[in-house]
Amino acid sequence: MCGIFGYIGPKPVKKILIDGLEKLEYRGYDSAGIAFMNQKKAEVIKNAGKVQLLKEKLDSVEIVSTIGIAHTRWATHGQPNSINAHPHKVGNITLVHNGILENVSEKRIWCEQKGITFQSETDSEVIAALIYLAKGNTMLEKIETALQDIKGSYALAILCDGEEKIYVTRKDSPLLIGIGEKECYLSSDLSAIPKDIVEYLFLEEKDIVILEKDHFKVYQNGKEKLKQPEKIKREEKNIEEMTYEHKMLKEIEEEPEVITRILNHYLKKQLPNLEKYSEIHIVGCGSAYYAGEIGKYLLETYAHKKVLCEIASEYRYKNILYEKDTLVILVSQSGETADTIAAMRKAKESGIQTLSIVNVLNSTIARESDQVLYTLAGEEIAVATTKVYVAQVLLFSLLTYQMLKEEKEKIREEYSKLSFYIKKTLERDQEFKEFAKILYTKKQVFFIGRQIDYALAREGSLKLKEISYLFSEAYPAGELKHGTISLIEKDFPVLTIVTDSSIFEKTLSNIEEVKARGANVLTITNQKTGNLLEIVLPKIHPFLQFFLVIPCLQKIAYDTAKLRNCPIDQPKNLAKSVTVE
Ligand code: M6R
């Protein structure tokens with residue numbers, strides 16, 4: 001949600017801010033803006049729409065300033081228009097904000113009573129007003145006073161007219177600082193900071209950092225605290241971006257390589273031993289939750305563990321009666337998802353062990369969980385996750401594998417071919433396109449399957465709806481006749497996944513039930529069903545069979561979205577990293 005960026009140093013700020021915003025655009029892209037110091041006053045330029053529009057607007061503006069802040073927005077309070085775009089300026093205070101101010105109405109009224117006339121509908125402008133109105137001799141004191149009794153989350157970068165500084169603070173929202181040679185960057189995430197910056201400050205909750213050109217100071221509760229930057233080795237990119245039409249496509253194509261990397265790394269290692277836990281809770285949001293559903297199936301079926309898999313936004317508010325020996329596994333690509341962070345903290349406060357499966361290095365979840373397994377998938381930019389979902393389920397598969405009592409050798413042998421199988425599956429492009437040709441004209445789709453095939457169907461359905469805007473729903477195949485089958489009519493597309501041979505016949509009966517009502521059935525299977533339109537995958541070891549379905553579902557979603565002319569990498573209303581509740 002919302003990308004924040006900033007720079008202070010010797011270089012002119014315009015290009016640096018735009019480059020930063022372009023890298024952060026995956027976090028929100030409904031409007032963008034910058035503010036820079038111009039003759040001791042912060043000047044704001046912003047507009048609705050993507051960063052490209054802002055870039056074009058800035059082409060004709062000469063900016064010599066070397067201090068600036070920038071923002072790309074995912075709207076929470078107020079329409080995505082240019083007035084609500086950040087930065088917001090109230091009096092001498094200009095700021096960009098990521099997060100949500102929960103007691104906004106009360107604070108807005110208070111500011112209005114003190115004479116503020118708000119320009120926008122945003123909660124962020126209210127924060128600017130609170131700082132402007134706050135009592136204090138210094139900016140540090142004013143910021144502390146203003147933030148004292150606000151409820152909600154924030155990451156803020158603040159300029160004050162007359163000062164050559166940037167004030168930075170955060171609570172429940174990510175923000176980090178890159179320290180270079182007489183220059184500092186601030187950013188919502190590491191990926192936007194130039195790769196040659198090696199030293200980073202990871203802010204604790206409510207730290208306030210004052211950035212000046214050649215030094216920084218960190219404060220907590222009004223007192224300066226010593227904080228040493230950490231050295232981070234940044235990963236290099238491996239595949240040329242421009243050879244792919246979309247980042248999502250590039251990321252799908254990277255899956256075989258990601259699988260090899262993960263297996264090479266983790267098969268040699270002792271993974272956390274889950275044997276000792278009486279109960280495992282898996283928690284995540286969206287695709288990370290669906291990866292958890294696969295994990296639950298594997299751990300229950302093959303390792304006989306007691307597993308609960310929950311959506312983080314529900315889990316965090318549940319009354320959970322933890323068994324003493326429970327392990328909570330948090331799954332997150334970004335490691336910054338607000339609900340998953342809250343779920344992790346809930347477990348930790350109850351004295352429960354936490355293990356995270358995270359992609360972004362040094363993210364909040366990676367840093368705060370007791371143990372972390374990195375998914376090693378490399379940077380994922382497309383909003384729809386693909387290669388990281390594969391990496392997450394592979395880690396669940398490996399955690400289960402080490403507890404297997406039988407067939408370990410056979411499965412290890414099959415692991416060594418997994419990357420090849422995925423590569424081969426991805427080559428079946430024509431078949432995916434055939435499916436997409438049927439789906440793209442429809443208004444709705446059902447995905448059905450049983451057991452692990454149902455868990456796959458849920459992710460396949462999410463992928464399709466988020467990028468193609470087709471209404472789609474995943475159902476356990478056996479559940480349709482308890483109500484939902486009333487929706488089936490002639491030509492209603494039902495995408496069926498049938499790879500689990502133990503319940504093959506049962507799913508076939510469900511296919512017959514929808515066919516009898518006129519459904520247009522498409523199947524992904526490892527055993528011919530006799531259906532006209534079907535992708536028949538090679539049969540591999542049942543423990544790994546489900547992997548081959550994943551790229552099929554991702555490519556079908558991709559091809560369908562393409563036929564529907566959708567903005568695949570940046571679907572409307574979405575953002576890659578959901579840092580608000
Ligand atoms: O960064 P996280 O893995 O915690 O994000 C969780 C979900 O927001 C994410 O998986 C979302 O569902 C994706 N857009 C799905 O493609």
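Preceding this section is the structure that the text describes.
Residues numbered from 1 in each chain as written. Predicted model: local features only at pLDDT ≥ 70, side-chain atom pairs only at ≥ 80, totals over all residues. Heavy atoms only, no water.

1. What about the overall build of the protein?
Alright, step 1. Secondary structure summary: the protein contains 17 helices and 25 strands in total.
Alright, step 2. For 581 residues, the compact-globule estimate of 2.2 N^0.38 gives 25 Å, and the C-alpha radius of gyration of the protein, at 25 Å, lies within 12% of that figure.
Alright, step 3. Along the first, second and third principal axes, the C-alpha atoms of the protein reach 75 × 50 × 45 Å.
Alright, step 4. Expressed as a percentage of the 581 residues in the protein, the buried residues total 60%.
Alright, step 5. Taking the contacts inside the protein whose residues are at least 6 apart along the sequence as the reference set, 70% of them involve residues at least 24 apart.
Alright, step 6. Surface accessibility of the protein: about 23,800 Å² in total, with carbon and sulfur atoms responsible for 49%.
Alright, step 7. Here the protein holds 79 positive side-chain charges and 82 negative ones, and the gap between their average locations is 0 Å. (Helix = DSSP H or I, 4+ residues; strand = E, 2+ residues; numbered from the N terminus. Rg over C-alpha atoms; globule rule 2.2 N^0.38 Å. Buried < 20%, exposed > 50% of the residue type's maximum accessible area, 1.4 Å probe, protein only. Contact = heavy atoms within 4.5 Å. Areas by Shrake-Rupley, 256 points an atom, 1.4 Å probe, with all protein chains shown as cover. Lys, Arg positive; Asp, Glu negative; His and termini not counted. Charge placed at Lys NZ, Arg CZ, Asp CG, Glu CD.)

2. Topic: the state of the cysteines
Alright, step 1. Taken as a whole, this structure holds 0 disulfides when the rule is applied.
Alright, step 2. Looking at Cys160, it has no disulfide partner, and the nearest cysteine sulfur is the one in Cys111, 17 Å off.
Alright, step 3. Under the relative-accessibility criterion, Cys160 is labelled buried at 4%.
Alright, step 4. Unpaired in this structure, Cys309 has its nearest cysteine sulfur neighbour in Cys285, at a distance of 11 Å.
Alright, step 5. Relative accessible area serves as the criterion here: at 12%, Cys309 is assigned to the buried category. (Disulfide = S-S within 2.5 Å.)

3. Comments concerning the sheet that holds strand β22 (residues 471-476)
Alright, step 1. Read across the sheet, 5 strands follow the order β22-β21-β23-β24-β25 without closing on themselves; strand pairing throughout is parallel. The open sheet has two free edges, formed respectively by β22 and β25 (533-536), since each of these has just one partner strand. Ignoring strand direction, the axes of neighbouring strands in this sheet form an average angle of 15°.
Alright, step 2. Relative to strand β24 (residues 520-525), strand β23 (residues 493-498) is paired through 6 bridges, and the arrangement is parallel. Within the sheet, the bridge partner assigned to Pro493 lies in β24 and is Asn520.
Alright, step 3. Relative to the sheet, helix α14 (residues 429-439) contacts β21 (444-449), β23, β24 and β25, its axis offset from that of β25 by approximately 150°. (Pairing = 2+ DSSP bridges. Axes fitted to C-alpha atoms, helices over the stretch in contact; angles between N-to-C directions.)

4. Brief notes about the pattern of salt bridges
A side chain of one charge can pair with a side chain of the opposite charge when the charged atoms of the two come close.
Alright, step 1. Under the counting rule described, the total for this entry stands at 38 salt bridges.
Alright, step 2. Residue Glu414 is joined to Lys417 by a salt bridge in which the shortest nitrogen-to-oxygen separation is 3.6 Å. Highlighted residues: Glu414 and Lys417, both in helix α13 (residues 408-426), separated by 3 residues, approximately one helical turn.
Alright, step 3. Residue classification places Glu414 among the buried residues on the basis of a relative accessible area of 10%.
Alright, step 4. Ionic pairing is found between Lys463 and Glu459, a salt bridge with its closest N-O pair at 2.8 Å. In this pair, Lys463 and Glu459 are both assigned in helix α15 (residues 452-468), 4 residues apart and thus about one turn of the helix distant. Note on accessibility: Lys463 and Glu459 belong to one class, buried.
Alright, step 5. Salt bridges sharing common partners tie together Lys171, Asp172, Arg345 and Glu368. (Salt bridge = Lys/Arg side-chain N within 4 Å of Asp/Glu carboxyl O.)

5. A few points about the nonpolar core
Alright, step 1. Counting 107 residues, the largest nonpolar core has Ile329, Leu398, Tyr415 and Leu495 as its most contacted members.
Alright, step 2. Of the residues forming this core, the biggest block, 11 residues, is contributed by helix α12 (residues 387-401).
Alright, step 3. Split by domain, this core shows at least three residues from each of two domains, domain 2 (238-405) and domain 3 (426-567).
Alright, step 4. For Leu398, the contacting residues outside a window of four places in its chain are Ile262, Leu263, Tyr266, Leu267, Leu271 and Tyr415.
Alright, step 5. Core analysis: the second largest hydrophobic core is formed by 29 residues, Ile93, Ile131, Met139 and Tyr154 among them. (Core = buried A, V, L, I, M, F, W, Y, C linked by side-chain atoms within 4.5 Å. Domains from an automatic or database assignment.)

6. Considering helix α2 (residues 51-59)
Note that an α-helix has 3.6 residues per turn; residues three or four places apart therefore point the same way.
Alright, step 1. Of the residues making up α2, those classed as buried are Val51, Leu54 and Leu58. Here the buried residues of α2 occupy an arc of 60° about the axis, which is enough to place them on one side.
Alright, step 2. Of the surrounding elements, those touching the buried residues of α2 are α1 (13-24), β2 (31-38), β3 (41-48) and β4 (67-73). (Arc of directions from axis to C-beta.)

7. Points about the pairing of strand β9 (residues 176-180)
Alright, step 1. Burial analysis of β9 places 4 of its 5 residues in the buried class, the great majority of the element.
Alright, step 2. When β9 meets strand β10 (residues 183-187), the two strands line up antiparallel, connected through 5 bridges. From the neighbouring strand, Ile179 faces β10, where its bridge partner is Cys184.
Alright, step 3. Between β9 and β10, which pair antiparallel one after the other, the connecting turn spans 2 residues, and Lys182 there sits at a positive phi close to 55°.
Alright, step 4. Bridging between β9 and strand β11 (residues 199-202) involves 4 bridges; their strand directions are antiparallel. Across the sheet, Gly178 pairs through a bridge with Tyr200, a residue of β11.

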